[in-house]
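What the coordinates show
If you want the building blocks of each chain, they are given just below.
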Amino acid sequence: MSQFQPRVFSGVQPTGNLHLGNYLGAISRFVPLQDEMPTIYCVVDLHAITVKHDPAVLTANTREVTAAYLAAGIDPGKAIIFNQSQVREHAELAWIFNCIARMGWLSRMTQFKEKAGKNRENASVGLFAYPTLMAADILAYRATHVPVGDDQKQHLELTRDIAQKFNNDFADRVKELGLGVANPAPSPELPDELFFPLTEPMIAGPATRIMSLRDGTKKMSKSDASDLSRINLRDSADEIAKKIRKAKTDPEPLSSELDGLSERPEALNLVGIYAALSGRTKEEVLSEYGGQPFSVFKPALADLAVDKLAPMTDEMNRLLADETHIDGILREGAGRASEIAAPVLRDVRRIMGFLEGR
Ligand code: TRP
């Protein structure tokens with residue numbers, strides 16, 4: 001019997017204002033994986049309409065995320081890059097998963113509670129069902145590995161729950177049709193043949209979590225009212241330097257040990273950003289800058305950030321000047337993605353018992 005092919009899938013929403021947190025927590029981590037196994041990186045435009053959106057802005061943001069993928073070093077000759085809405089299988093599988101997932105499971109999702117806020121009656125049904133579409137994104141390719149930030153952990157657990165319920169509910173049917181894959185981790189609760197893999201999350205630890213430059217206890221976010229709170233991937237070198245200069249800190253010099261920063265979230269965040277951008281550990285950064293005041297550390301960090309990000313910004317701007325090229329990459333990626341997802345959905349339709357008049 002066949003085995004699940006290792007495959008990476010991940011996605012970024014085209015909701016604008018890509019920032020350093022998106023880059024360090026997600027996009028930069030996608031790059032090395034393309035040399036290790038088949039990888040699929042999606043611009044999840046169907047997810048972007050779960051809240052009110054402007055169509056022209058969605059189009060522009062879809063190109064912007066694509067440009068960020070490319071500028072970060074994702075190579076369309078290796079990875080598949082495409083936007084979700086061009087591959088119909090995502091929406092189709094999401095509907096089927098809406099009928100597998102339980103109301104109770106989705107009601108527990110913290111991202112829904114946060115995004116819906118107090119006025120839950122007025123949230124779109126799509127916002128509630130967001131995680132079933134995410135499960136469909138992953139499972140339409142039977143992806144085995146999903147790199148994401150730690151805020152997506154709950155959604156990945158839900159993806160496993162959906163896969164598991166599908167595998168259980170239709171175990172006999174899957175076997176009968178000969179569509180099963182040997183369960184790589186046999187257990188009493190699971191059938192010995194599976195249709196969907198139980199996807200492994202590859203969660204970036206809290207160590208790579210980038211916080212707001214204005215408040216070290218809040219995540220860096222595109223929705224923060226203050227633009228000074230984040231470094232956007234399309235900020236100019238001057239803007240980057242200014243935001244780091246103005247970043248909130250305390251009056252103490254940096255400590256030489258990491259323990260010394262445990263009560264200093266802003267200092268810890270800047271050291272974390274330095275570490276992530278230079279590919280070093282926070283300890284290594286502190287062994288160099290421990291004892292130094294921020295008047296020394298901040299300019300060093302600003303230089304490093306500009307060095308690392310300016311070439312990427314330039315490349316994004318260069319790519320965005322040629323829409324035909326970007327759109328062509330997405331179209332070609334969508335074609336390759338469909339070739340993988342279409343046969344999976346053909347099998348799913350047979351498993352479900354849908355009649356096809358052919
Ligand atoms: N929900 C993810 C986020 O907000 C984006 C996403 C959609 C995704 N579908 C996915 C991530 C599938 C990984 C795999 O970051």
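Across its full length, the protein holds 14 helices and seven strands. With the C-alpha coordinates of the protein rotated into their principal frame, the extents come out at 70 × 50 × 45 Å. Counting the 358 residues in the protein, one finds 50% classified as buried. Surface summary for the protein: the accessible area is close to 16,800 Å², and the carbon and sulfur share equals 51%.

Before going further, it helps to spend a moment on helix α11 (residues 265-278). Spanning 14 residues, α11 covers 20 Å between terminal C-alpha atoms, matching the ideal 20 Å at 1.5 Å per step. In terms of burial, α11 is a largely internal element, 10 of the 14 residues being buried. Considered for burial, the residues of α11 that qualify are E266, A267, N269, L270, V271, G272, I273, Y274, A275 and L277. Buried residues belonging to α11 abut α1 (20-33), α12 (282-289) and α13 (294-320). Directly beyond the C-terminal end of α11, a positive phi value near 70° is found at G279.

One non-glycine residue, N17, lies in positive phi territory at about 55°. By the secondary structure assignment, N17 is in the loop between β1 (8-12) and α1. Phi at R142 takes a positive value of approximately 45°, unusual for a residue other than glycine. When you line up the elements, R142 lands in the loop between α7 (125-139) and β4 (145-148). Taking the relative accessible area as the measure of exposure, R142 reaches 18% and is therefore buried.

Not every one of the 13 residues close to the ligand is listed here, only the nearest: H47, Y130, M134, D137 and Q152. D137 places a polar side-chain atom, nitrogen or oxygen, 2.7 Å from a nitrogen atom of the ligand. Here a nitrogen atom of the ligand and a side-chain polar atom of Q152 are 2.9 Å apart. Here the ligand loses 89% of its free accessible area of 370 Å² to cover by the protein chains. If you list the elements that add at least two residues to the shell around the ligand, you get β1, α7 and β4. Among the elements that make up the shell around the ligand, the one with the highest residue count is α7 (four residues). When its residues are assigned to classes, the shell around the ligand shows seven nonpolar, five polar and one charged.

Here we take up the packing of aromatic side chains. Counting across every chain of the model gives 14 aromatic pairs. Between the aromatic rings of Y289 and F297, the centroid separation amounts to 5.2 Å while the plane-to-plane angle is 70°, which identifies the pairing as edge-to-face. Each member of the pair, Y289 together with F297, is buried. Site record: aromatic cluster; members linked through ring pairs are F97, F166, F170, F195 and F196. R142 extends its terminal NZ or CZ atom over the ring of F195, reaching a point 4.1 Å from the ring centre.

Parameters at a glance
- Residues numbered from 1 in each chain as written.
- Predicted model: local features only at pLDDT ≥ 70, side-chain atom pairs only at ≥ 80, totals over all residues.
- Heavy atoms only, no water.
- Helix = DSSP H or I, 4+ residues; strand = E, 2+ residues; numbered from the N terminus.
- Buried < 20%, exposed > 50% of the residue type's maximum accessible area, 1.4 Å probe, protein only.
- Areas by Shrake-Rupley, 256 points an atom, 1.4 Å probe, with all protein chains shown as cover.
- Expected span 1.5 Å × (residues − 1).
- Contact = heavy atoms within 4.5 Å.
- Near = heavy atom within 4 Å.
- Polar contact = N/O pair within 3.5 Å; in protein donor to acceptor, adjacent residues only side chain to side chain.
- Nonpolar A, V, L, I, M, F, W, Y, C, P; charged D, E, K, R; others polar.
- Phe/Tyr/Trp six-rings, centres within 6.5 Å; stacked < 30°, edge-to-face > 60°.
- Lys NZ or Arg CZ within 6 Å of the ring centre and 35° of its normal.

These values are about where atoms sit, not about what they do.
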